[in-house]
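# Inside the fold
Now for the letters of each chain:
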Amino acid sequence: MAIILLAWYDRHARPLPWRVSPSDRLNGVVADPYRVWLSEIMLQQTTVQAVKPYFANFAKRWPSVADLAAADTEDVMKAWAGLGYYSRARNLKRCADVVAADHGGRFPDTEEGLRALPGIGPYTAAAIAAIAFDRHAAVVDGNIERVFTRLCEIATPLPSAKNEIRTAVGAVTPIDRPGDFAQALMDLGATICTPKRPACALCPLNEACLARLSGRQEQFPVKPMKKDKPVRLGAAFVAERRDGAVLLVKRPDTGLLGGMTGVPTTNWTVRADGATGAESGPFDANWRSKGVITHVFTHFELRLEVFHAVVTGAPDHEGWWSDSDSLPGEALPTVMKKALGAAFPALFRKGKT
């Protein structure tokens, strides 16, 4: 299996900015652990297309882990804004600090050593160990889960099937080129063994695929019944000075959207609603409703009433005033852009960011 898949990968590998191509590898080019790590953190729960411009920006601004460690945390959060799952950005910076300070700017080359770093779990450690250091590791992401549940007709629902899948992947991962083998499986899942209408006729492993032989490809992986996401309520307040500047605050470092920039809001959380209505504003002002915005997080849906007021003087509230030209460059997560967009519809239109 590995020989067949690697031969396919040598011909069809996707050109990705963080990847060493099979031909370059054959000519002696080795992977940069920093770029592998950076891409793997960015790709968690995010698509390749969404990650590409962020990766290019980070790699240009901070071309090494030492450069990233020396960067200001706020600049890193600003560069990450819009990519989501902001705990990844905080852990990215913490990890860079640890590698620079405790490891001389060099990433550990084993799964065990990598897992000891902030923000690196079992999958990411295996991926970096295999791709950057050619360690024999069972790499299992969402694409690989799909490929192997179909190949082996693994009927155990996810996530319970993860250990079974990892065992199956480990059993066929070759000693030679384990990183290329992992990337080949990723490419196979992304381009051929897709969730819907997989192109089985083009798959190099079609003769070994049990799900294809039984005609049940799209029934795998088996997933548990989806639960309805709870809805949480809250309010957001866009305070504008007469010169057009907007009051922004930094959210607490811990919790959802930790360390990111936003407008003042009520205290909604994953598990509880926040106050609603103009009377819950952060200070007295002529708050006018701008409607309700909705944002879907992984585990819940948030509905925020948005209020806007033009204020005079200096309200007694923490934060800073950002003018309209500076707003798009702030470390604003998508939900905060939606709140600002409700007050200023033209602010984040295409071409303004």
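Quick summary incoming for the structure in this document. (Residues numbered from 1 in each chain as written. Predicted model: local features only at pLDDT ≥ 70, side-chain atom pairs only at ≥ 80, totals over all residues. Heavy atoms only, no water.)

## Some remarks on the overall build of the protein chain
Heads up, the condition is: Helix and strand assignments come from DSSP, with helices taken as H or I runs of at least 4 residues and strands as E runs of at least 2, each series counted from the N terminus. Contacts between residues were defined by any pair of non-hydrogen atoms, one from each residue, lying within 4.5 Å. All accessibility values rest on the Shrake-Rupley procedure with a 1.4 Å probe; residue burial counts only the protein chains present in the view. In this charge count, Lys and Arg are treated as positive and Asp and Glu as negative; neither His nor the chain ends contribute. Note that the charge is assigned to NZ on lysines, CZ on arginines, CG on aspartates and CD on glutamates.
Check the secondary structure of the protein chain and you find 14 helices and six strands. Each principal axis of the C-alpha distribution contributes one length, and for the protein chain these read about 70 × 45 × 35 Å. For the protein chain, restricting intrachain contacts to residue pairs at least 6 apart in sequence, the fraction spanning at least 24 positions comes to 67%. Approximately 17,600 Å² of the protein chain is accessible, and the part contributed by carbon and sulfur atoms is 51%. Looking at the protein chain, you have 43 positive and 37 negative side-chain charges, and the mean spots of the two groups are 6 Å apart.

## Description of helix H6 (residues 73–80)
Side chains three or four residues apart in an α-helix point the same way, a direct result of the helix having 3.6 residues per turn. Rules: The rule is simple: take the accessible area with a 1.4 Å probe, protein chains only, and divide by the maximum for that residue type; under 20% is buried, over 50% is exposed, in between is partly exposed. Taken from the helix axis, the directions to the C-beta atoms give the arc we talk about. Pairs of N or O atoms are called polar contacts if they sit within 3.5 Å, as long as, within protein, a hydrogen donor faces a hydrogen acceptor (for residues adjacent in sequence, only side-chain-to-side-chain pairs).
Inspection of H6 places Val76, Met77, Ala79 and Trp80 among the buried residues, and these make up the whole buried set. One face of H6 carries all of its buried residues, which in axial projection span an arc of 160 degrees. Packing partners of the buried residues in H6 comprise helix H3 (33–43), helix H4 (48–61), helix H5 (65–70) and helix H7 (87–102). Where H6 begins, the capping side chain belongs to Asp72, and its oxygen is found 2.9 Å from the backbone nitrogen of Glu74. Gly82 lies just past H6 and shows a positive phi near 100 degrees.

## Some words on unusual backbone geometry
Peptide bonds are trans in most cases, and residues, glycine excluded, mostly fall at negative phi. The omega angle of the peptide bond from Leu158 to Pro159 is 5 degrees, so this bond is cis rather than trans. Geometrically, the link from Phe220 to Pro221 is a cis peptide bond, its omega value of -5 degrees lying close to zero. Mapped onto the secondary structure, Pro221 falls in the loop between helix H13 (210–213) and strand S1 (231–241). The backbone of Gln45 sits at a positive phi, close to 60 degrees, despite the residue not being glycine. Mapped onto the fold, Gln45 is located in the loop between H3 and H4.

## A few points about the packing of H3 against helix H9 (residues 122–133)
We count it as follows: Axis definition: a line fit to C-alpha positions, over the contact stretch in the case of helices; interaxial angles, taken between N-to-C directions, run 0 to 180 degrees. Put simply, a crossing is left-handed when the front helix is turned counterclockwise from the back one by less than a right angle, and right-handed when it is turned clockwise. Classes in brief: Ala, Val, Leu, Ile, Met, Phe, Trp, Tyr, Cys and Pro nonpolar; Asp, Glu, Lys and Arg charged; the others, Gly included, polar.
The interhelical angle for the contact between H3 and H9, taken along N-to-C directions, is 150 degrees, at an axis separation of 9 Å. Crossing angle aside, the handedness with which H3 passes H9 is right-handed. Here Pro33, Val36, Trp37, Glu40 and Ile41 of H3 lie close against H9, whose contacting residues are Tyr123, Thr124, Ala127, Ile128, Ile131, Ala132 and Phe133. Classifying every residue of the contact of H3 with H9 gives 10 nonpolar, one polar and one charged.

## Regarding H7
Let me state the cut-off plainly: The length a helix should cover is 1.5 Å for every residue beyond the first.
With 16 residues, H7 ought to run about 22 Å at 1.5 Å a step, and its terminal C-alpha atoms sit 22 Å apart, in line with that. Three or more residues of H7 are buried, namely Arg88, Ala89, Arg90, Leu92, Lys93, Cys95, Ala96 and Val99. Elements in contact with the buried residues of H7: H3, H4, H5 and H6. Where H7 terminates, the next one or two residues include Gly104, which has phi positive at roughly 65 degrees.

## A short note on the pattern of salt bridges
Spelled out, the test is: Put simply, a salt bridge is a Lys or Arg side-chain nitrogen that is within 4 Å of an Asp or Glu carboxyl oxygen.
Per the stated rule, a full pass over the model turns up 13 salt bridges. For Asp97, the salt bridge is made with Lys93, and the minimal N-O distance between the two is 2.9 Å. Of the two residues, Asp97 and Lys93 both sit in helix H7, four residues apart, roughly one turn of that helix. You can call Lys93 buried: its relative accessible area is 7%. Each member of the salt-bridge network shares a partner with another, and the members are Asp10, Arg25, Asp134, Arg177 and Asp180.

Any functional reading would require information that these geometric values do not contain.
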